[in-house]
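Remarks on the overall topology
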Amino acid sequence: MSQALDITSRKSPAPIGFQATNDGITLTARNETIAIRHIIPGTGASGAFVIPLAALADCEGRGDEVVTFRREDDVVIAEWRDGGIPQTARHDVLEVPEMPAVVESTVVCDPALMRALADAVDTADREPTRYAINCIQLRANGQILATDGRQAYVHDGFDFPWNEDLLVPASRVLTRKELAVVPELAIGASDDWVQVRAGEWELWLKINKDARFPRVDEHVPDPNAATTTLQLADEDAQFLIKAMSRLPGGAWSLAVRSTVPPSFISTS
């Protein structure tokens, strides 16, 4: 959760909600730009409480020790063992974080979308400049764009159910390995949020309506306009012409000058 909300302090007061039912435990957390709901399947006692993220940091250990939470009025008591020694921590119950509304209209996407989003996050910057390079652009034509001002990421071929280009935060939660292996993925948008449903995860990314994003695609040449010029000796040029049809990469067009050695071959 701390990674998802871009929290670096172990003492953060950010609220984390727990709701236990017979079907499992639902965790919820949010800040101004990101909201997360994660379901851990299982069975157990029913109950609900909200504690600060710092409460999880207090009982974090190196092993697989079980941590038990129990609520007494307005206090949640955490109990666990550290090196065989019983430990106890008490935390006041916080207010339940209000989650964004579920987006009703979504489309099923290729699970490869999560890998593309993760790559975009790795390309984006952590801080904005005069442009929102700490965001990812999800374009209506199915493209994903990201840049840190020095490198760019462009990935197309997706189907997004909106009619305008949207900017969302480049959250580290999109890079989690659990999301990269989900068998089915759905995405949709409301007026204020893009929602991604990936297995047992639901993510909301706040749409940034006011920021400007660089025109990344203008700096990426059209592949159809790319040309390469090779300068070869005559005998090498003739060998290449004969072998061209067997080379990978699709169709080749050649312009050969052989009036004076060496020859020139222009390929596109």
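The paragraphs below set out a description of the structure included in this document. (Residues numbered from 1 in each chain as written. Predicted model: local features only at pLDDT ≥ 70, side-chain atom pairs only at ≥ 80, totals over all residues. Heavy atoms only, no water.)

This part is about the packing of aromatic side chains. Under the defined criterion, the tally for this structure stands at five aromatic pairs. When the centroid spacing of 5.2 Å and the interplanar angle of 20° are considered together, the rings of Phe-18 and Phe-49 count as stacked. Within this pair, whereas Phe-18 is found in strand β1 (residues 15-21), its partner Phe-49 is found in strand β4 (residues 47-52), the two being separated by 31 residues in sequence. The two residues Phe-18 and Phe-49 agree in class, both being buried. (Phe/Tyr/Trp six-rings, centres within 6.5 Å; stacked < 30°, edge-to-face > 60°. Helix = DSSP H or I, 4+ residues; strand = E, 2+ residues; numbered from the N terminus. Buried < 20%, exposed > 50% of the residue type's maximum accessible area, 1.4 Å probe, protein only.)

If you check helix α2 (residues 112-123), its first and last C-alpha atoms are 17 Å apart, about what 12 residues at 1.5 Å a residue would give, namely 16 Å. Along α2, the residues that are buried comprise Leu-113, Met-114, Ala-116, Leu-117, Ala-118, Ala-120, Val-121 and Thr-123. (Expected span 1.5 Å × (residues − 1).)

This part is about the environment of Ala-20. Mapping Ala-20 onto the fold places it in strand β1. For the pair formed by Ala-20 and Ala-48, sequence separation is 28 residues and the distance between their alpha carbons is 6.2 Å. Once you skip the residues sitting within four places of it in the chain, Ala-20 turns out to touch Ile-25, Ala-45, Ser-46 and Gly-47. (Contact = heavy atoms within 4.5 Å.)

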